Each structure stands twice: as C-alpha cells, then as structure tokens.
Amino acid sequence: QVRLVESGGGLVQAGGSLRLSCAVSGDAFSINFMGWYRRAPGKQRELVASITNGGITNTGDSVKGRVTISRDNAKNTVSLQMNGLKFEDTAVYYCNVKGFPLRNYWGQGTQVTVSS
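Rules and cut-offs
Residues numbered from 1 in each chain as written. Predicted model: local features only at pLDDT ≥ 70, side-chain atom pairs only at ≥ 80, totals over all residues. Heavy atoms only, no water. Buried < 20%, exposed > 50% of the residue type's maximum accessible area, 1.4 Å probe, protein only. Helix = DSSP H or I, 4+ residues; strand = E, 2+ residues; numbered from the N terminus. Pairing = 2+ DSSP bridges. 1 Å grid on protein atoms, 1.4 Å probe; cavity = no way out; pocket = protein on both sides within 12 Å on 5 of 7 lines; lining within 4 Å. Points joined across faces, edges and corners; volume = space filled by probe spheres on them. Nonpolar A, V, L, I, M, F, W, Y, C, P; charged D, E, K, R; others polar. Salt bridge = Lys/Arg side-chain N within 4 Å of Asp/Glu carboxyl O. Polar contact = N/O pair within 3.5 Å; in protein donor to acceptor, adjacent residues only side chain to side chain. Phe/Tyr/Trp six-rings, centres within 6.5 Å; stacked < 30°, edge-to-face > 60°. Lys NZ or Arg CZ within 6 Å of the ring centre and 35° of its normal.

### Observations concerning the pairing of strand E1 (residues 2-7)
- Of the two faces of E1, only one is covered, namely that formed by Val2, Leu4 and Glu6; the face formed by Arg3, Val5 and Ser7 stays uncovered.
- Two strands pair when backbone bridges link them, and E1 and strand E3 (residues 18-26) are joined in this way by 6 bridges, in the antiparallel orientation. Each bridged residue has a counterpart across the sheet, and for Glu6 the counterpart in E3 is Cys22.

Now the structure itself:
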C-alpha cells in the first residue's frame with residue numbers, strides 16, 4: 001500500500017506565498033513522475049506543476065513564473081513553492097505520483113484559500 005501525505009495548505013492573502021509538501025510512503029516502487037494538480041469549485045482538475053525523476057519540469061500556464069516544483073528522490077517527497085498567490089489560485093491541491101508498473105496514486109488533497 002502506498003500513502004501520500006500532503007501538508008502546507010491554508011489561508012493566505014493575495015500576493016502571499018505558500019509551500020506545499022507531499023511525502024510518499026509504503027510499498028516501494030519506481031517513481032518516475034511527481035506532480036501537483038488542483039481543482040477549484042466548478043472547474044476541472046488542472047495540472048499545476050510536475051517533475052520527472054530526471055528533473056524535467058512542466059508548469060501550468062495559469063501559474064507560470066509563480067510556482068517552483070522540487071523533489072527529493074531519496075526521501076520520496078515533492079514540494080511546491082507558490083508565490084504571488086491570486087484569488088483564482090484558491091482550490092484543493094492534490095499530490096500525484098506515477099511509476100512502474102502502472103502505478104498512479106493521489107493524495108487526499110489540501111485546501112489553499114487566497115483572500116483578495
């Protein structure tokens with residue numbers, strides 16, 4: 001069994017910063033993708049940022065220039081630094097990891113609320 005534990009969400013004023021972290025534990029497997037998605041009320045889930053085990057990153061258009069994703073392969077953790085937060089960044093943020101073979105796991109979600 002694999003467990004993803006997210007932390008770091010909360011309430012922040014517009015223009016502020018938050019750092020989300022996700023720790024992966026449980027059955028060992030080869031992780032090749034770690035990422036953060038979000039779902040705002042009434043909207044579809046969207047990619048915020050992702051990073052491969054080789055360090056290749058991908059960032060959603062709506063957050064480009066404002067977020068940085070990083071991972072610690074030895075500790076199986078992935079973090080998301082978010083700066084310049086906007087009201088429209090309010091959402092539930094989910095950690096996601098993928099690996100071999102056909103592994104795909106999600107965290108329980110952490111709420112980020114940005115007050116305008």
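On we go.
### Notes on the pairing of strand E9 (residues 91-100)
- Here strand E4 (residues 30-39) pairs with E9 via 9 bridges, running antiparallel. Bridge pairing in E9 places Arg38 opposite Tyr93.
- Of the pairings in the sheet, the one linking E9 to strand E11 (residues 110-115) comprises 3 bridges and is antiparallel in character. Note that in E11 the partner of Val92 across the bridge is Gln111.
- Pairing between E9 and strand E10 (residues 103-106): 4 bridges, direction antiparallel. Within E10, the residue paired with Lys98 across the bridge is Asn104.

### What about the layout of surface pockets?
- Reported here for the largest pocket is a volume of approximately 180 Å³.
- Lining the largest pocket, in full, are Arg38, Ala40, Pro41, Lys43, Gln44, Glu46, Phe87, Glu88, Thr90 and Ala91.
- Each residue belonging to the lining of the largest pocket can be placed in one class, and the counts come to 4 nonpolar, 2 polar and 4 charged.

### Focus on the pattern of salt bridges
- According to the stated counting rule, one finds 4 salt bridges in the structure shown.
- When the shortest N-O distance is used, the salt bridge between Arg38 and Glu46 registers 2.6 Å.
- As a salt-bridge pair, Asp89 and Arg66 come within 2.7 Å of each other at their nearest N and O atoms. Residue Asp89 is found in the loop between strand E8 (77-82) and E9, and its partner Arg66 is found in the loop between strand E6 (57-59) and strand E7 (67-72); the two are separated by 23 residues along the sequence. Note on accessibility: Asp89 and Arg66 belong to one class, buried.
- Within this structure, Arg38, Glu46, Arg66 and Asp89 form a network of salt bridges that share partners.

### Focus: the side chain of Arg71
- Relative to the helices and strands, Arg71 resides in strand E7.
- In this structure the side chain of Arg71 is engaged in a polar contact, spanning 3.2 Å, whose partner is the backbone oxygen of Thr52.
- A distance of 2.5 Å separates a polar atom in the side chain of Arg71 from a polar atom in the side chain of Asn73.

### Topic: the packing of aromatic side chains
- For the structure on display, the rule yields 2 aromatic pairs.
- Ring centres 5.4 Å apart and planes at 50° place the aromatic pair Phe29 and Tyr105 in the tilted group. Linking Phe29 in the loop between E3 and E4 with Tyr105 in strand E10, this pair joins segments that are 76 residues apart in sequence.
- When the ring centre of Tyr37 is taken as reference, the NZ or CZ atom of Arg45 above it lies at 5.7 Å.

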